[in-house]
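Listed below are the residues making up each chain.
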Amino acid sequence: MSLEIRVLDYGDIELESSFLVLGRDCGRTRRVPVYGFLILGGQYPIVVDTGYRDNAIMETLGMRGLQFHENMIERQLDNHGVKPSDVRYVLHTHLHIDHAGKDDHFPMNTTVVINRRELEYSVSGLMHPQYPKPDIMHLVERLHTPGALRLEDLEISGPVELMPGVFLEAAGAHTEGSMNVHVDTADGRATICGDVIYDFNDQIINPVRSFGPEEYQVTGNHGGSKRGEKGAMRKLMHSGAKYLLPVHDKPAKIENGQVVGRLDMQIPGPVTQSVPTRDWFPA
């Protein structure tokens, strides 16, 4: 089965730069994309993450939403000949405000799949208000509708194969219940990694405010330890995945634990920017 991933463009957000990368340009505003993903080529389409509910809701975090008509999820799916009712599963890397805002655009016979720990964490108050009430209340409605919500226990079970070629695994970073989605494409494994990585250049390629090129920089927005964040990023970089797809940066091609190229809106797809490999230990 030959699976492919199409990147869905849900618009942008403007936010303080060090929220994304710890210590970077404190006090300055940066505009970043918000992506979702459409997995095609299987028995049915699968969506990963649904973006933010509307522009106004981003103001609750002091951020600015920049979502326009062309960014609506129905429009983005229609670009690939898919309707919300065609989608069998909606998967969530996690449930933050910019990831689970449009689940209610899908019918109740579309199953939303999340890690159980993420649902628990969303109501713990630990990262409030990044889990807005309307998004979480909709998931409660799904919880009480048979077949509308599926909960995994990935920390206990280990990786789970949702359908041939699509695997779910606990991410171990960003939030307590975040999960990675591994997709086996014709060109190798691609991993949708949510917000475990926000920015490849400033966290991985040339990590800012770091004492060494392999000492990845953490985000400014995580619920666990810095050690845990660094370890989760290193695990992704050395997992054997050929492609990594975060939600707020363009996909990266990975070889031998290094970013060697950047891609655009589909995996597999052409490399649009080559990144020279770096010799960590020059002679």
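Residues numbered from 1 in each chain as written. Predicted model: local features only at pLDDT ≥ 70, side-chain atom pairs only at ≥ 80, totals over all residues. Heavy atoms only, no water.

## A closer look at the packing of aromatic side chains
Thinking step 1. Inspection of every chain in the model, using the stated rule, returns 2 aromatic pairs.
Thinking step 2. On the basis of an interplanar angle of 75° and a centroid distance of 6.0 Å, the ring pair of Tyr44 and Tyr89 is categorised as edge-to-face. You can see Tyr44 sitting in the loop between strand S2 (29–40) and strand S3 (46–48) and its partner Tyr89 sitting in strand S5 (residues 89–91), a full 45 residues away along the chain.
Thinking step 3. We classify Tyr44 as partly exposed; its relative accessible area is 21%.
Thinking step 4. With a relative accessible area of 8%, Tyr89 lands in the buried category.
Thinking step 5. Ring geometry for Tyr121 against Tyr131: centres 6.1 Å apart, planes inclined by 90°, an arrangement best described as edge-to-face. Pair noted here: Tyr121 is in helix H3 (residues 116–122) and Tyr131 is in the loop between H3 and helix H4 (133–143), with a separation of 10 residues, a long-range link. For the pair Tyr121 and Tyr131, a shared accessibility class is recorded, and that class is buried.
Thinking step 6. The side chain of Arg234 reaches across the aromatic face of Tyr216, ending 5.0 Å from its centre. (Phe/Tyr/Trp six-rings, centres within 6.5 Å; stacked < 30°, edge-to-face > 60°. Helix = DSSP H or I, 4+ residues; strand = E, 2+ residues; numbered from the N terminus. Buried < 20%, exposed > 50% of the residue type's maximum accessible area, 1.4 Å probe, protein only. Lys NZ or Arg CZ within 6 Å of the ring centre and 35° of its normal.)

## A look at the environment of Met63
Thinking step 1. One can find Met63 in the loop between S3 and strand S4 (64–66).
Thinking step 2. For Met63, a relative accessible area of 8% gives the class buried.
Thinking step 3. Each C-alpha atom of the pair Met63 and Arg262 lies 27 Å from the other, and the pair is 199 residues apart in sequence.
Thinking step 4. Residues contacting Met63, with those up to four places away along its chain left out, are Ile13, Glu14, Leu15, Phe19 and Met58. (Contact = heavy atoms within 4.5 Å.)

## Regarding the UniProt feature "domain: Metallo-beta-lactamase" (unreviewed entry) in the protein chain
Thinking step 1. Following the UniProt record, the feature "domain: Metallo-beta-lactamase" (unreviewed entry) maps to residues 33–248 here.
Thinking step 2. Helix makes up 21% of residues 33–248 and strand 25%. Its end C-alpha atoms lie 5 Å apart. (UniProt positions renumbered as here; feature names shortened; annotations may be inferred.)

## A few points about the sheet that holds strand S11 (residues 188–194)
Thinking step 1. Strand order across the open sheet formed by 8 strands is S8-S9-S10-S11-S12-S13-S14-S16, with mixed pairing between neighbours. The sheet is open, and its two borders are formed by strand S8 (160–163) and strand S16 (271–274), each paired with just one other strand. The average angle at which neighbouring strand axes cross in this sheet is 30°, direction not considered.
Thinking step 2. The sheet contact formed by strand S13 (residues 252–255) and strand S14 (residues 258–263) spans 4 bridges and is antiparallel. (Pairing = 2+ DSSP bridges. Axes fitted to C-alpha atoms, helices over the stretch in contact; angles between N-to-C directions.)

## Quick word on the nonpolar core
Thinking step 1. With 62 residues, the main nonpolar core has Ile5, Phe37, Leu77, Leu91, Val166 and Val181 as its most contacted residues.
Thinking step 2. Take this core: its biggest share by element is 7 residues, from S2.
Thinking step 3. Excluding residues that lie within four positions of it along the chain, Val166 makes contacts with Leu3, Ile39, Ile46, Leu91, Val160, Glu161, Val181 and His182. (Core = buried A, V, L, I, M, F, W, Y, C linked by side-chain atoms within 4.5 Å.)

## Digging into the side chain of His94
Thinking step 1. Position of His94 relative to the elements: it lies in the loop between S5 and strand S6 (111–115).
Thinking step 2. Residue class for His94 comes out buried when judged on its relative accessible area of 1%.
Thinking step 3. A polar atom in the side chain of His94 sits 3.4 Å from the side chain of His99.
Thinking step 4. At a separation of 3.4 Å, a polar atom in the side chain of His94 contacts the side chain of Asp195.
Thinking step 5. His94 has contacts with Asp49, His99, Glu118, His174, Thr175, Ser178 and Asp195, leaving out every residue within four places of it along the chain. (Polar contact = N/O pair within 3.5 Å; in protein donor to acceptor, adjacent residues only side chain to side chain.)

## A closer look at the pairing of strand S12 (residues 243–246)
Thinking step 1. Burial along S12 is two-sided: the residues Tyr243 and Leu245 and Leu244 and Pro246 are all buried.
Thinking step 2. The sheet contact formed by S11 and S12 spans 4 bridges and is parallel. The residue bridging Ala190 from the neighbouring strand is Tyr243, located in S12.
Thinking step 3. Pairing between S12 and S13: 2 bridges, direction antiparallel. Its bridge partner being in S13, Tyr243 is matched across the sheet by Lys253.
Thinking step 4. In textbook terms, the turn of a hairpin is the stretch between consecutive antiparallel strands, and for S12 and S13 this stretch comprises 5 residues.

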